[in-house]
Amino acid sequence: MSVSSSTQALEYLQGLPLQTHRKLYEAPATVLAVFRCMLPHLAKTLVMAMLYMPTAFPDAHLKTWFKPGANRQKEQAVFVLAQLHILDTAKQDDGTRSHSLSPGFKRSLRHALEGSGKDGSFGVSATEEEARGERRVSVRYLDEYARAQWESILFYMVGGAAGVDVKSDIGVGTKKLLQAGALVQIWQSQPRITKEGFTFVLQETNAQVWNLLIVYLKMAGDLGMNETDVLSFLFMLGSLELGQAYSVSTLSPTQLQMLDDLSAMGIVYRSSKDARVFYPTRLATTLTSESGGLNTTGGTSNNANASNKGFIIIETNYRLYAYTDSLIQIAIISLFCKLQHRFPNLISGKLTKESVQQAVKQGITSEQIIAYLTTYAHPQMQKNKTFIPPTVMDQIRLWEYEGERVETENGYLMREFNSQAEYNDVKKYADACGVLRWSSDEKRMFFLSHVEQVSAYLKSKKGPR
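Cut-offs used in this document
- The residue numbering used here restarts from 1 in each chain and proceeds along that chain's sequence as written.
- For this predicted model, a pLDDT threshold of at least 70 governs which residues receive local features, and a threshold of 80 or more governs which side-chain atom pairs are given and counted, while totals over whole chains, interfaces and linings are taken from all residues.
- Side-chain figures throughout are based on the complete set of non-hydrogen atoms in the structure, without hydrogens or water.
- Comment: elements are numbered from the N terminus, with helices defined as DSSP H or I runs of at least four residues and strands as E runs of at least two.
- The buried label applies to any residue whose accessible area, calculated with a 1.4 Å probe on protein chains only, is under 20% of its type's maximum; exposed applies above 50%, and partly exposed to all values in between.
- The contact criterion used throughout is that any non-hydrogen atoms of two residues lie within 4.5 Å.
- Calculation of accessible area relied on Shrake-Rupley with a 1.4 Å probe; when residues are assessed, cover is drawn exclusively from the protein chains displayed.
- Think of a nonpolar core as a cluster: buried Ala, Val, Leu, Ile, Met, Phe, Trp, Tyr and Cys residues, connected wherever their side-chain atoms sit within 4.5 Å.
- If DSSP finds at least two bridges between two strands, the strands pair.
- His residues and chain termini do not enter the charge count, which takes Lys and Arg as positive and Asp and Glu as negative.
- A pairing counts as a salt bridge when a side-chain nitrogen of Lys or Arg comes within 4 Å of a carboxyl oxygen of Asp or Glu.
- Within 3.5 Å is the distance limit for a polar contact, defined as a pair of N or O atoms, with the added protein rule that one can donate a hydrogen and the other accept it, and that residues adjacent in sequence qualify only through two side-chain atoms.
- Each axis is a line fitted through C-alpha atoms, and for a helix only the stretch in contact is used; angles between axes span 0 to 180 degrees, taken between their N-to-C directions.
- An angle below 35 degrees is read as roughly parallel, one above 145 as roughly antiparallel, one from 65 to 115 as roughly perpendicular, and any other as oblique.
- Helix crossings fall into two classes, left-handed where the near helix is turned counterclockwise from the far one by less than a right angle and right-handed where it is turned clockwise.
- In this classification, Asp, Glu, Lys and Arg are treated as charged, Ala, Val, Leu, Ile, Met, Phe, Trp, Tyr, Cys and Pro as nonpolar, and every other residue, Gly included, as polar.

Per an unreviewed UniProt entry, the recorded name for the protein is RNA polymerase II transcription factor B subunit 2, and the organism is Epicoccum nigrum.

So, in structure tokens, the structure goes:
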């Protein structure tokens, strides 16, 4: 799972209540996925060290595992584990703390690692009877199906920006998801991509999928679906084998409903609503893996590996050449580049002040443009020390700065402390936790990106010593 996609999923999980976490942790597949893909490396180390401990672990002992001056890393790891209700922290009579893994998480992780526990958590393979009458599909077919479904979604979003009359029918449910996620808005019966949508299409496929699935999770209640069942099914999909047929017999009503929605996105394949089997596609099996997932924005459609090799050439005079016939790629490039010519497998254009600043107004940053151009740089460009000419990168950044674009960040302002000593103490703790964004010692106030950890710290200081 990519950094961006795991961050999205982690932030969503951290906002769930205790009861939801406890229900989720009953499934070994869910616990294994959370452990592998959601936890920072240090948090994983703490979990594995405590997995077979018979008693709670004193905080004083925990501190000995860290080098002097590493309090920030320790607090961050403990905080993530506490937010996910993986780590139970108790305060002793003498005022010290002790830690232990939550019983449900510990039990399920042991089952996942040992191969024990109840069957079905990692999916149930379809029997011969269930698969009878179903056409056996190949991995190649699943890849083509997933690619076609996901590209339909992307083209629905960016087609209007390319001046194309969008007729693609991606399903009413998927259209509602895109609107609910503020990725598109309807104007004169046509979808128009939003600034959030611009950011979305420039992400790698795995991050796009998680972005849309989180919108789906937030709508689960309105759709009459059980949120825990939705999450459990998504994590289970990440553990399934590509090309294997799985039975629907063990799925809950919510998960059966999900099959239709996920099939429309290309995440699973099901031949019909009455089929007793389903197949996970590569979009599903990479939900909880390190892979970036299925390529849906490649170069020429005749070369599936084009995106890995790259297809964009940029000259020092800001002229751009892209060897692609993909309508999606052409539409994406047109978001920040003035296109001039189009041939059967080649487009040419130029990066201009107007085209870049127009992209900036829509929410695309200069770093996103540079990252995209670097990712898809042609092999000839990759022979250079920097794939993109430094003068071009500098100019893209300057054009953004000229637009006086202001970046905002949601957070919390803390002020009105009782004393300078209290201010210094809490500020130091916030900085150690990595949530301090700005401070003014003169005004005795500071700004935090997250307040939960600091709030817990303040409450602990008010408690009995």
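That was the structure; now back to the text.
Caption draft 1: Molecular detail of the overall build of the protein. Helices and strands together make up the secondary structure of the protein, namely 23 helices and 15 strands. Counting over 465 residues, the protein shows a buried share of 48%. Contacts in the protein between residues at least 24 apart in sequence constitute 67% of all its contacts with a sequence separation of at least 6. Of the roughly 23200 Å² of accessible surface on the protein, a fraction of 49% belongs to carbon and sulfur atoms.

Caption draft 2: A look at the nonpolar core. Counting 117 residues, the largest nonpolar core has Leu237 and Leu373 as the members making the most contacts within it. When sequence neighbours within four positions are dropped, the list of residues in contact with Leu237 reads Leu262, Ile267, Val268, Phe278, Ala284, Thr285 and Leu287. Core analysis: the second largest hydrophobic core is formed by 14 residues, Met414, Ala430, Leu436 and Leu448 among them.

Caption draft 3: Layout of the pairing of strand 5 (residues 190-193). Here strand 5 shows one buried face, formed by Pro191 and Ile193, and one open face, formed by Gln190 and Arg192. Both strand 4 (residues 184-187) and strand 5 contribute to a ladder of four bridges, which runs antiparallel. The partner of Gln185 across the bridge, within strand 5, is Arg192. Linking two consecutive strands that pair antiparallel, namely strand 4 and strand 5, is a turn of two residues; a positive phi of about 55° is found at Gln188 within it.

Caption draft 4: Region of the structure containing the side chain of Glu130. Tracing the chain through its elements places Glu130 in helix 8 (residues 128-131). Buried charged residue Glu130 carries no salt bridge. Nearest counter-charge: Arg276, at 5.6 Å. A distance of 3.0 Å separates a polar side-chain atom of Glu130 from the backbone nitrogen of Thr127. A distance of 2.7 Å separates a polar atom in the side chain of Glu130 from a polar atom in the side chain of Ser247.

Caption draft 5: Quick peek at the sheet that holds strand 9 (residues 312-314). Within the open sheet, the four strands sit side by side as 9-10-12-11. Their pairing is antiparallel. Each of the sheet's edge strands pairs with one partner strand only, and the pair in question is strand 9 and strand 11 (338-343). The mean inter-strand angle of the sheet, taken between neighbouring strand axes irrespective of direction, is 20°. Note that strand 9 and strand 10 (residues 319-322) share three bridges and pair antiparallel. Bridging across to strand 10, Ile314 finds its partner in Leu320.

Caption draft 6: Looking closely at helix 18 (residues 353-361). For helix 18, the set of buried residues is Ser355, Val356, Gln357, Ala359 and Val360. Once helix 18 finishes, Gly363 follows within two positions and takes phi at roughly 110°, a positive value.

Caption draft 7: Broad picture of the sheet that holds strand 1 (residues 57-58). What the three strands build is an open sheet, ordered 1-3-2; its pairing is antiparallel. Both edges of this open sheet fall to strand 1 and strand 2 (87-91), since each of them pairs with a single strand only. As paired strands, strand 2 and strand 3 (residues 97-101) are joined by five bridges and run antiparallel to one another. Along strand 3, the bridge assignment pairs Thr89 with His99. Here helix 4 (residues 41-50) sits on the sheet in contact with strand 1, strand 2 and strand 3, set at roughly 85° to strand 3.

Caption draft 8: Structural detail: unusual backbone geometry. Even without being glycine, Tyr318 reaches a positive phi, approximately 75°. Its location among the elements puts Tyr318 in the loop between strand 9 and strand 10. Phi angles above zero are rare outside glycine, and Arg444 is one such case at about 55°. Inspection of the secondary structure assignment puts Arg444 in the loop between strand 14 (436-440) and strand 15 (445-448).

Caption draft 9: Representation of the pairing of strand 12 (residues 346-350) within the structure. Most of strand 12 sits inside the fold, with four of its five residues counted as buried. Where strand 10 lies against strand 12, four bridges are found, and the strand directions are antiparallel. Bridged to Tyr321 within strand 12 is Ser348. Looking at chain direction, strand 11 and strand 12 are connected through five bridges and run antiparallel. Residue pairing in the sheet places Phe343 in a bridge with Leu346 of strand 12.

Caption draft 10: Quick peek at the pattern of salt bridges. The final tally for this structure, using the stated rule, is 11 salt bridges. Close ionic contact of Arg97 with Asp59 constitutes a salt bridge, the shortest N to O distance being 3.5 Å. Here the residue Arg97 occupies a position in strand 3, and Asp59 occupies one in helix 5 (residues 59-63), the gap between them amounting to 38 residues. Here Arg397 makes a salt bridge to Glu367, at a shortest N to O gap of 2.6 Å. Of this pair, Arg397 sits in helix 21 (residues 390-402) while Glu367 sits in helix 19 (residues 366-375), and the two are 30 residues apart along the sequence. A relative accessible area of 23% places Arg397 in the partly exposed class. Assessed through its relative accessible area of 41%, Glu367 is described here as partly exposed.

Caption draft 11: Layout of the packing of helix 13 (residues 227-237) against helix 14 (residues 253-265). For the pair helix 13 and helix 14, the least separation of the axes is 9 Å and the interaxial angle reads 60°. Classified by the angle their axes make, helix 13 and helix 14 are oblique. Relative to helix 14, helix 13 is oriented so that their crossing is right-handed. Contacts between helix 13 and helix 14 pair Asp229, Val230, Ser232, Phe233, Leu234 and Leu237 from the former with Thr254, Gln255, Met258, Leu259 and Leu262 from the latter. Classifying every residue of the contact of helix 13 with helix 14 by side-chain character gives seven nonpolar, three polar and one charged.

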